[in-house]
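Residue-level structural notes
Okay, here's what each chain looks like letter by letter:
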Amino acid sequence: MAFIKETATLIRKEFLMEWRSKYALNGILIYVFATVFICYLSFKKIDPITWNALFWIILLFTSINAIAKSFMQENRSRYLYYYTIVNPAALILSKIIYNLILMSIIAFVCLVFYTIVFNNPIQDLTYYLLAVAMGGLSFASMFTMVSAIASKANNNSTLMAILSFPVIVPLLMLLIKFSKNAMDGIDRASSNNEIGVLLLINIIVFAVSLLLFPYIWRD
Amino acid sequence: MNIKSNWWKITGVLLVLFSLYQGLMGRVPVLPILHETIRNIYYHVPMWFAMVVLFVFNAVYSIKYLSSGNEHHDNIAVEAANVGLFLGVLGLITGMLWAKFTWGEAWSNDPKQNSAAIGMLVYLAYFVLRGSLDEAQKRAKISAVYSVFAFPVMIVLLFILPRLTDSLHPGNGGNPGFNKYDMDNQMRMVFYPAVIGWILIGVWVMQLRVRLLEITNQILEN
């Protein structure tokens, strides 16, 4: 019970910090708009397979940029303060949940803007939205821990990309396949395998993050 | 030389020599497309078995390091990753040669090939991470965390994803496994010893490299 309360307080703190500066959200939204618009200007018209792939690539880079900040925003002395009062598992869990909410908002905005600029070939919208939500979940759970690892090493942003690409590729492959099925309006049961494996990986990543974070949060 | 503690090294050498001889001289079934290239199974497949075993070593010793803080465990973890990566490269090369003859192209966009290449990237990233940290203890701890974190992903990548899609490899996407249609009993008598032999050789090389690393560190300290 105390753990849940602690996590909830930390999530509230994340939102409050974001609300005060509005730095991450605004920056990332502009990033999304700019990228989608550049893609529009350079592609003009695209076929459905490229449409789907391009959407996920935009979302991938956006989320790496958004989540890379999650451990850099606050200064070291404030972390020193956290060490004394909170449980490390609560800290990482709060970051993951905050990033999950942030990613869901960004992914949804990205999808809306993307479909406005380009055409909209989605046939099964409910399942496509489910795919986008699962993408947000996967990116948030994977990149939060990677950004915690990268923040302990010195040259942050390059390392973040190097460490996160190999681990996100399997998820991205599953997401692209799942969302393509939804886009083509294929029978929903054909995506069951993908959904199952995605959920499985996310559960593993959650569990491993909670177990491993206590080892790296202090230097 | 003490036979009691070194029997597994001798076994490894003998098994690999046996499989090398049998691989070149042994009788193999005549099959369409594969023809004589089927002999490559004694070299290509054991590489992957040995690589996975060494990556398991890497993950296990990373966990051990996190719980003990013993530098020796970190040395084993890093050398296991080194040797595993080397075996993976050998597996990729032998696989590409084989693919060139049977599938027509060295890189045929096969899901297992792609997965294996990405799996290698995980461990290359592991070494980049190690390279970016100067302090030995911090390097050991953070890279151990990354390797434990990435290990389940690699398992999914190598063992689950290729089974979800169609693959040119046998045993995937509804294709029957090797055992079912073209590996006869005589081949199996060479294949399994080859797998065990290469695993033992891989572990031996790892052990030697750990000793070398520790001696080098000792000399550098003095």
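Residues numbered from 1 in each chain as written. Chains lettered and ligands numbered in written order. Predicted model: local features only at pLDDT ≥ 70, side-chain atom pairs only at ≥ 80, totals over all residues.

1. Thoughts on the overall build of chain B
- When helices and strands are counted, chain B shows 7 helices and 0 strands.
- Along the chain direction, N to C, the helices and strands of chain B fall in the order α-α-α-α-α-α-α.
- For 222 residues, the compact-globule estimate of 2.2 N^0.38 gives 17 Å, and chain B sits close to it at 19 Å.
- Along the first, second and third principal axes, the C-alpha set of chain B runs to 60 × 45 × 25 Å.
- Looking at chain B residue by residue over its 222 residues, the buried ones come to 39%.
- Taking the contacts inside chain B whose residues are at least 6 apart along the sequence as the reference set, 74% of them involve residues at least 24 apart. (Helix = DSSP H or I, 4+ residues; strand = E, 2+ residues; numbered from the N terminus. Rg over C-alpha atoms; globule rule 2.2 N^0.38 Å. Buried ≥ 20, exposed ≤ 12 C-beta atoms within 10 Å, placed from the backbone. Contact = placed C-beta atoms within 7 Å.)

2. Thoughts on the overall build of chain A
- Within chain A, the secondary structure is distributed over 8 helices and 0 strands.
- Moving toward the C terminus, one meets the helices and strands of chain A in the order α-α-α-α-α-α-α-α.
- Dimensions of chain A along its principal axes, counting C-alpha atoms only, are 55 × 35 × 30 Å.
- For chain A, the residues scored as buried account for 41% of the 219 residues in total.
- Partitioning the contacts of chain A with sequence separation of at least 6, the portion at a separation of at least 24 is 84%.

3. Observations concerning helix α8 (residues 192–216) of chain A
Residue and element names in this part refer to chain A.
- For α8, spanning 25 residues, the distance from its first C-alpha to its last is 36 Å, which sits close to the expected 36 Å at 1.5 Å a residue.
- Maximum bend of α8: about 30°, positioned at Leu210, with proline Pro214 one to four residues after it.
- When α8 is considered as a whole, its buried residues turn out to be Glu194, Leu198, Ile201, Val205, Ser209, Leu212, Phe213 and Ile216. (Expected span 1.5 Å × (residues − 1). Bend = angle between axes of the 7 residues up to and from the residue.)

4. Brief notes about the interface of chain A and chain B
- Taken residue by residue, the interface counts 23 residues in chain A and 24 residues in chain B.
- For the side of chain A that touches chain B, the secondary structure elements donating two or more residues are α6 (125–152), α7 (156–184) and α8 of chain A.
- Considered class by class, the residues forming the side of chain A that touches chain B number 18 nonpolar, 3 polar and 2 charged. (Nonpolar A, V, L, I, M, F, W, Y, C, P; charged D, E, K, R; others polar.)

5. Some words on the packing of helix α3 (residues 71–102) of chain B against helix α5 (residues 136–164) of chain B
All names here are of chain B.
- Across the interface, α3 lies against α5 with an axial gap of 11 Å and an inter-helix angle of 50°. With respect to each other, α3 and α5 are oriented oblique. With respect to the hand of their crossing, α3 and α5 are arranged in left-handed fashion. Across from Glu71, Asp74 and Ala77 in α3, the residues of α5 making contact are Ala140, Ala144 and Ser147. (Axes fitted to C-alpha atoms, helices over the stretch in contact; angles between N-to-C directions. Parallel < 35°, antiparallel > 145°, perpendicular 65-115°, else oblique. Left-handed = near helix turned anticlockwise from the far one by under 90°.)

6. Regarding the confidence of the model for chain B
All names here are of chain B.
- When pLDDT is averaged along chain B, the result is 85; 93% of the residues meet or exceed 70.
- Summarising per-element confidence for chain B, the mean pLDDT is lowest in helix α6 (residues 178–181) (50) and highest in helix α2 (residues 41–68) (92).
- Scored as a whole, the predicted complex attains pTM 0.88, and scored at its interfaces, ipTM 0.87. (pLDDT = per-residue confidence, 0-100.)

7. So, the environment of Leu161 of chain B
- Relative to the elements of secondary structure, Leu161 of chain B occurs in helix α5.
- Leu161 of chain B gets classed as buried once you count the C-beta atoms within 10 Å, which come to 22.
- Along the backbone, Leu161 of chain B and Ser115 of chain B are 46 residues apart, and their C-alpha atoms lie at a distance of 8.0 Å.
- Discounting residues that sit within four places of it in the chain, Leu161 of chain B has contacts with Pro170 and Met173 of chain A together with Pro111, Ser115 and Val156 of chain B.

8. Remarks on the packing of α3 of chain B against helix α4 (residues 111–131) of chain B
Residue and element names in this part refer to chain B.
- At a minimum axis distance of 10 Å, the contact between α3 and α4 shows a crossing angle of 155°. Judged on the interaxial angle alone, α4 and α3 are roughly antiparallel. Judged by the twist between their axes, the crossing of α3 over α4 is left-handed. Along the contact surface, α3 presents Ala81, Gly84, Leu85, Gly88, Gly91, Leu92 and Gly95, while α4 presents Gln113, Ala116, Ala117, Met120, Tyr123 and Tyr126.
- Considered class by class, the residues forming the contact of α3 with α4 number 8 nonpolar, 5 polar and no charged.

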